[in-house]
Amino acid sequence: MIHVKMEPGWKKLLEEEFQKDYFSRLAEALRAEKASGRVIYPPGPLIFKAFDACPLDRLKVVILGQDPYHGPGEAMGLCFSVPDGVSLPPSLVNIFKELHRSFGYPVPRQGDLSPWASQGVLLLNASLTVVHKSPNSHKSLGWHLFTDEVIRKVGDHCSGIVFMLWGNFAKSKKVLIDPTKHLILESPHPSPLAGGGFIGNGHFEKANAYLIGEGKAQVNWQIF
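Before going into details, it helps to say that this report is about the structure given with it. (Residues numbered from 1 in each chain as written. Predicted model: local features only at pLDDT ≥ 70, side-chain atom pairs only at ≥ 80, totals over all residues. Heavy atoms only, no water.)

## A word on the pattern of salt bridges
Point 1. With the rule as written, the count across this model stands at ten salt bridges.
Point 2. Between aspartate 148 and lysine 173 there is a salt bridge whose closest N-O contact spans 2.8 Å. Placement of aspartate 148 in helix 6 (residues 143-157) and of lysine 173 in the loop between helix 7 (167-171) and strand 6 (183-187) is noted, with a sequence separation of 25 residues between them. Like aspartate 148, the residue lysine 173 is buried in the burial classification.
Point 3. Salt-bridge contacts for glutamate 149 lead to arginine 152; the nearest nitrogen and oxygen are separated by 2.2 Å. Within this pair, glutamate 149 and its partner arginine 152 are both found in helix 6, separated by three residues, close to a single helical turn.
Point 4. Judged by relative accessible area, glutamate 149 falls into the buried class, the value being 17%.
Point 5. Look at the salt bridges and you will find they share partners, linking Glu16, Glu17, Lys20 and Lys153 into a network. (Salt bridge = Lys/Arg side-chain N within 4 Å of Asp/Glu carboxyl O. Helix = DSSP H or I, 4+ residues; strand = E, 2+ residues; numbered from the N terminus. Buried < 20%, exposed > 50% of the residue type's maximum accessible area, 1.4 Å probe, protein only.)

Encoded structure:
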């Protein structure tokens, strides 16, 4: 039996996943990688931070990333987010540029998105771990099975959630979400390598308008 430390609401919703064979294999693979001396990000206590930072009963928005940053000190368990003091990755710079275009917010000098999480934004990577300097190195360990179930269970358990799907990988998860119960927003990925198109998508404005229509408090997207 795998014992996972996680915010109680999420723990209850996802408990059956932790008992499945794929999750046991995933946990064993992570232990084997660490035993072999490989450096894995984020640190163990931060692997499930997206859930701990955004309690299930506050959930309003899901932003889906692919996998954690793979450089030292960058990954913090929240997709697109980096700790204070770490240089802003290009994708995050473009996210902040879109916020400036939408709301006039100044582009911040730090990229810790924890204030979003505390307001009900689940910053979920499809893979929750990665090997040092090896992007997508854990995409086949079983994390996608787990996070697909997260998306599916959120869709079934909750109503009026905004799903922001940026890039083709994230868009592929659309099939897991009931569009009659939730708002699905799609656009190109914020990475400059994606060829543009992210800036101008209006997702943050559309999300707040939808939340207000659902009788929920809008998200303050400003990062200081």
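## Observations regarding the packing of helix 2 (residues 21-35) against helix 6
When two helices pack together, their arrangement is given by the angle between the helix axes and the distance between those axes.
Point 1. Where helix 2 contacts helix 6, the axes come no closer than 9 Å and their chain directions differ by 130 degrees. Here helix 6 runs oblique to helix 2, going by the angle between their axes. Note on packing geometry: the crossing formed by helix 2 with helix 6 is left-handed. Contacts between helix 2 and helix 6 involve Tyr22, Phe23, Leu26 and Leu30 from the former and Trp143, Leu145 and Phe146 from the latter.
Point 2. Looking at the contact of helix 2 with helix 6 residue by residue, the classes come out as seven nonpolar, no polar and no charged. (Axes fitted to C-alpha atoms, helices over the stretch in contact; angles between N-to-C directions. Parallel < 35°, antiparallel > 145°, perpendicular 65-115°, else oblique. Left-handed = near helix turned anticlockwise from the far one by under 90°. Contact = heavy atoms within 4.5 Å. Nonpolar A, V, L, I, M, F, W, Y, C, P; charged D, E, K, R; others polar.)

## Some thoughts on the environment of serine 172
Point 1. Within the secondary structure, serine 172 is located in the loop between helix 7 and strand 6.
Point 2. What makes serine 172 partly exposed here is its relative accessible area of 42%.
Point 3. A distance of 2.5 Å separates the side chain of serine 172 from the backbone oxygen of phenylalanine 169, its partner in a polar contact. (Polar contact = N/O pair within 3.5 Å; in protein donor to acceptor, adjacent residues only side chain to side chain.)

## Focus on the sheet that holds strand 6
Sheet strands pair via backbone hydrogen bonds, and the direction of the pair is either parallel or antiparallel.
Point 1. Across the sheet, four strands lie side by side as 3-2-5-6; this open sheet has parallel pairing. In this open sheet, the two strands that pair with only one neighbour each are strand 3 (121-125) and strand 6. Strand-to-strand twist in this sheet, taken as the mean axis angle between neighbours without regard to direction, amounts to 20 degrees.
Point 2. Taken together, the four bridges between strand 2 (residues 61-65) and strand 5 (residues 162-166) define a ladder with parallel strand orientation. Bridge pairing in strand 5 links leucine 64 to leucine 165.
Point 3. Contacting strand 2, strand 3 and strand 5, helix 6 runs over the sheet at an angle of about 150 degrees to strand 3.
Point 4. Strands in contact with helix 8 (residues 203-213) are strand 2, strand 5 and strand 6; relative to strand 5, the strand with the most contacts, it is inclined by about 165 degrees. (Pairing = 2+ DSSP bridges.)

## Digging into the environment of alanine 126
Point 1. In this fold, alanine 126 is placed in the loop between strand 3 and strand 4 (130-131).
Point 2. Sequence separation between alanine 126 and histidine 189 is 63 residues, and the spatial gap between their C-alpha atoms is 15 Å.
Point 3. For alanine 126, the residues in contact, after removing those within four places along its chain, are Leu64, Gly65, Gln66, Trp143, His144, Thr147 and Phe169.

In short, geometric facts, not functional conclusions.
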